[in-house]
Amino acid sequence: MNRKVLSGDASASTSLRSLFKRHITKNVLAMVCVFSMLLSVMALPVSGTAGAASKKTNITYWFWGESDIPGMTKWMQQRIATYEKANPDVTVTLVPQSNSTIIPSFTLAAQSKTGPDIDTQWATLPTLQPALGGAVTPISDYLPKSDTSHWLNTNENTYKGKIYAMPLYLIGVPLVWNKKLFKEAGLNPNTAPTTWTEFLADCKALKAHGITPIGMGNKDGYFGAWMFAIYEKQELNTLSQLTEGVAGKGNAETKMLASLKTMYTMFQGLIKDGYVNSNVESLSLNQGWQLFPQGKAAMSLTTDGNVLSWAKSIGESNIGVTKPPIWGKGALASTYDVTQSSDEFITSWSKNKQADANFLEWLHEPVNMVALNKETGAFPADNQFPAKDITDPLARSLDKLDTSGSSIWLENYIPPQIDADADIPAGQLITSGSGTPAQAVALWSQQFQLWRTQQPTQFAQFKTWAAG
Amino acid sequence: MNSEILTQSSTNAEGQPASATKRGRRRRNLWAYGYMSPVLVALAVVFGYSFVEVVHYSFYAGGVGQLTYVGTSNYHELFADPQFITSMFNNFKLLFTVPVVTILALALALMINTTFRGVRQYRAIVFLPYILPATAMGLSFSYLLQGNGVLDSLLKNLDLSFLIHDWLGSPSWVMFSIGSVIVWQQFGFGVVVFSAALLAVPGETIEAARIDGASWWIVQRKILIPQIRRIIEFFVILQAIIVLSSVFTYVYVLTGGGPAYSSSVMEFFIYQNGFENGSIGIASAAAVVLLGIASVLIAIYIWARARAAKEAG
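Quick caveat, the model's predicted, so the values are computed rather than measured.

Undergrad: It is not clear to me how the overall build of chain B should be interpreted in this structure. Could you clarify?
TA: Tallying secondary structure elements over chain B gives 15 helices and two strands in all. Expected size for 313 residues packed as a compact globule is a radius of gyration near 20 Å; at 27 Å, chain B overshoots this value by more than 25%. For chain B, the spread of C-alpha atoms along the principal axes amounts to about 95 × 75 × 30 Å. For chain B, restricting intrachain contacts to residue pairs at least 6 apart in sequence, the fraction spanning at least 24 positions comes to 67%.

Undergrad: Is there a simple way to think about the sheet that holds strand β13 (residues 338-339) of chain A in this case?
TA: The strands making up a sheet associate through hydrogen bonds between their backbones, and the pairing can be parallel or antiparallel. Residue and element names in this part refer to chain A. Read across the sheet, three strands follow the order β13-β8-β15 without closing on themselves; strand pairing throughout is antiparallel. Here the strands that pair on one side only, and so sit at the sheet edges, are β13 and β15 (379-380). The sheet contacts of helix α15 (residues 393-403) involve β8 (169-172), β13 and β15, and relative to β8 the element is tilted by about 95°.

Undergrad: Quick question: what am I supposed to make of unusual backbone geometry here?
TA: Only a minority of non-glycine residues have a phi that is not negative, and only a minority of peptide bonds are not trans. For the peptide bond that leads from Gly258(B) to Pro259(B), omega is -5°, which places it in the cis range. Structurally, the position occupied by Pro259(B) is in the loop between α13 (248-254) and α14 (266-276). Its identity is not glycine, yet Asn153(A) carries a phi of approximately 60°, on the positive side. Secondary-structure assignment places Asn153(A) in the loop between α5 (145-148) and β5 (158-159). C-beta crowding within 10 Å serves as the criterion here: with 21 such atoms nearby, Asn153(A) is assigned to the buried category. A positive phi angle, close to 60°, is found at Asp159(B), a residue other than glycine.

Undergrad: Looking at this structure, how should I read the environment of Leu443(A)?
TA: All names here are of chain A. In this fold, Leu-443 is placed in helix α17 (residues 437-454). Owing to 22 C-beta atoms within 10 Å, Leu-443 belongs among the buried residues under this scheme. Ignoring anything within four residues of it in the chain, the contact list for Leu-443 reads Ala-422, Pro-425, Ala-426 and Leu-429.

Undergrad: Can you help me understand the interface of chain A and chain B in this one?
TA: Often the size quoted for an interface is simply the accessible area lost on bringing the parts together. The partner chain B presents 30 residues to the 28 residues of chain A that form the contact. Listed by contribution, the elements that provide at least two residues to the side of chain A that touches chain B are α3 (102-112), α16 (416-431), α17 and α18 (456-467) of chain A. Considering every element that reaches the side of chain A that touches chain B, the biggest residue donor is α16(A), with six residues. For the side of chain A that touches chain B, the class distribution of residues is nine nonpolar, 15 polar and four charged.

Undergrad: How should I be thinking about the pairing of strand β9 (residues 175-178) of chain A in this particular structure?
TA: Along any regular strand the residues' side chains alternate between the sheet's two faces. All names here are of chain A. Across the two faces of β9 the burial is the same, with Leu-175 and Trp-177 and Val-176 and Asn-178 all buried. With three bridges connecting them, β9 and strand β11 (residues 297-301) associate as antiparallel partners. Following the sheet pairing, Trp-177 is matched in β11 by Met-299. Note that β9 and strand β12 (residues 319-322) share four bridges and pair antiparallel. Within the sheet, the bridge partner assigned to Asn-178 lies in β12 and is Ile-319.

Undergrad: Help me understand α15(A), please; the structure alone is not making it clear to me.
TA: One full turn of an α-helix is made of 3.6 residues, so residues set three or four places apart face in the same direction. All names here are of chain A. Within α15, burial applies to Leu-394, Ala-395, Leu-398, Leu-401 and Asp-402. Seen along its axis, α15 keeps its buried residues to an arc of 120°; they face one direction. Against β8, α12 (304-314), β12, β13 and β15 lie the buried residues of α15. Following α15 by one or two positions, Gly-405 has its phi on the positive side, about 80°.

Undergrad: Honestly, the domain arrangement of chain A in this entry has me stumped. Any pointers?
TA: Residue and element names in this part refer to chain A. The domains assigned to chain A are domain 1 (56-170 + 340-395) and domain 2 (174-336 + 410-455). If you look at the interface, domain 1 gives 16 residues, while domain 2 gives 14 residues. Listing elements by their share of the side of domain 1 that touches domain 2, those giving two or more residues are α4 (125-132) and α15. Here the residues of the side of domain 1 that touches domain 2 are counted per class, giving eleven nonpolar, three polar and two charged.

Undergrad: When you look at the packing of helix α8 (residues 222-232) of chain A against α16(A) in this model, what are you seeing that I'm missing?
TA: Packed helix pairs are characterised by how far apart their axes lie and by the angle those axes make with each other. Residue and element names in this part refer to chain A. The N-to-C vectors of α8 and α16 enclose an angle of 100°; their axes lie 7 Å apart at closest approach. Taken together, α8 and α16 sit at an angle that is classed as roughly perpendicular. Across from Phe-223, Gly-224, Ala-225, Met-227 and Phe-228 in α8, the residues of α16 making contact are Asp-419, Asp-423, Ile-424, Ala-426, Gly-427, Gln-428, Ile-430 and Thr-431. Broken down by class, the residue content of the contact of α8 with α16 amounts to seven nonpolar, four polar and two charged.

Undergrad: What is the right way to read the environment of Glu276(B) from this model?
TA: You can see Glu276(B) is positioned in helix α14. In this structure, the C-alpha to C-alpha distance between Glu276(B) and Leu158(B), residues 118 residues apart in sequence, is 43 Å. Among residues more than four places away in sequence, those in contact with Glu276(B) are Ile103(A), Pro104(A) and Ala420(A).

Undergrad: I tried to follow the environment of Leu125(A) on my own but got confused; where do I start?
TA: All names here are of chain A. You can see Leu-125 is positioned in helix α4. With 29 residues separating them in the primary sequence, Leu-125 and Pro-96 have C-alpha atoms 21 Å apart. Apart from the residues within four sequence positions on either side, Leu-125 is in contact with Asn-412, Tyr-413, Ile-414, Pro-415 and Pro-416.

Here is what the cut-offs are and how they apply
- Residues numbered from 1 in each chain as written.
- Chains lettered and ligands numbered in written order.
- Predicted model: local features only at pLDDT ≥ 70, side-chain atom pairs only at ≥ 80, totals over all residues.
- Helix = DSSP H or I, 4+ residues; strand = E, 2+ residues; numbered from the N terminus.
- Rg over C-alpha atoms; globule rule 2.2 N^0.38 Å.
- Contact = placed C-beta atoms within 7 Å.
- Pairing = 2+ DSSP bridges.
- Axes fitted to C-alpha atoms, helices over the stretch in contact; angles between N-to-C directions.
- Buried ≥ 20, exposed ≤ 12 C-beta atoms within 10 Å, placed from the backbone.
- Nonpolar A, V, L, I, M, F, W, Y, C, P; charged D, E, K, R; others polar.
- Arc of directions from axis to C-beta.
- Domains from an automatic or database assignment.
- Parallel < 35°, antiparallel > 145°, perpendicular 65-115°, else oblique.

See below:
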């Protein structure tokens, strides 16, 4: 009986074991199959790339520009198509970036040294800071001086004699006014406010006639940042007053914060007097600008491209452009506010730097620069571009403003972290009415300390750059 | 006798030796662990490794490749940073949305816990906001709540100008506005959860109460709500975890943390420092703090579940 039971158990156990073995074999086989499939899938693109790489040059281009110049991405896509046709061995993959990803995406790419071969970045510190960190290759190393000498505003991205990035276009920030609304307020529609007193008088008259004097938006903080760029600059005699302040050299920071407080007091005055649209804090800069072409605001600080676009909706004869009125007493107060805004550079990890440089330089060919102006209205950052080709009177006025005299866009000269964490929220404190100029300045001071302790390498690089 | 006892103790109920059973169990356990191992490895890599790295980075300053050991100074800086304190308190302020969502969703679920024409469609409509993409929602509410926006125009037309505010642009109102959007979106989810729980309550219990003369209100208060108590507890804790650690999208699309950090939350603080500024250390320290706070809630949730299981026998 026992034996029978045992023998029965044994047979059951044997069949179980064989079943189990079959299952295991099946499972193991299945796993092996899945792994081999995974391996083959992973291996395919690698071998594909390697194979293609030997024949073709692939350039990945992280591009930004649409927010500055509507139509810019389309222009770039058309240029790439033409370039690829003329150079069948080169493929350029365009990856458009947004305002909110342009810095963080490249910061991450620079950390892992992967991503774009060519990147667009805002000019000066957003470009030079990663350059000092070894993420950018000077473009002047790959192009002869005869090519780069045609580029405008290269000083914004030059360090120790090397040009790190190529400009594509220039953007001026004029004060634009609606002549029809000026007339309605009893003001001379053809006279621009040039001094601060004139500007305030115009604002007062407009407000008295129920017209919003200035239409802007600061939900994203850019109006505040623009006030810093335009009006803090007017307090300075030299750029080093700013850079030494940021670097914390001697009492430069104290001096800089004092001048900032004066600027924020002036800014607060504009808000308190009701000279800026009341919903400024809940509109983005772009949304705030729309008040001007809608005829809901009489003045705005905007870009050349927007002025030309708005002329189409409210009529060119109704628009006047001028330099922002002078408020400050520093030596830099008379400079205009032109910048290349964004620039194009070659990353240090790009495998085909010469090919990248050739493509970028090709964009500066006169035919492409003319197309840039014709298709988007942007002013090319190239002295080979024939200014006489600009026939539109408003565009000619803007071009004249952009090219006459020296220009500085101050926001380019502060570290991106300070711009994002101090400049932008400090302006919001003022426009939302939730903070005083003293609190705005305290925020700057606090963010300086945080940046210096949180980013010791960046801080050291900044000091080196500022000293150079 | 002794040998009998020994024999009995070393065999199980089926007469098999205990050591053989133990061996079998151990073997079965080994196979179970074997099958679980890929998942355990994946969890260890995805969660364990990330957790260890986050804690590790929280003791460093600078970006990746430029890290400097700073000890616990990131934590000191964090609690001295007004932006972080504001962000943390904003998360706590949003906890007020939890009772609001719960009460509103429960009330509606109780009201529609009956058969009437179109009840399913109605539930689907109520659930709709929950599945709307955050970007579409953010864009719509931006236009609705901006100063002089749709809501303000409506209030003006209704002669309620005293209620007009810059809902997203005023630091005093911005958290209220974000909280309202959270309530609006989470409300549908609550209704569906509570409706499902109410459907599972045995009909006989309610029928018996009605025969005993219980009013509609008594049925809701004394029978239905106690019956779904566990689900309510679960929902409350889930919502609390959501408003503490999953509200980034609302803030990002509606206000971008502004004006002047007044609507920043801990997740937004982490994003801004970690991704925009590349300050991995401070972002990691903030993530550790957030994890600590969320862990307390998760522990409460586990404790509540264990207590419920114990009570259920």
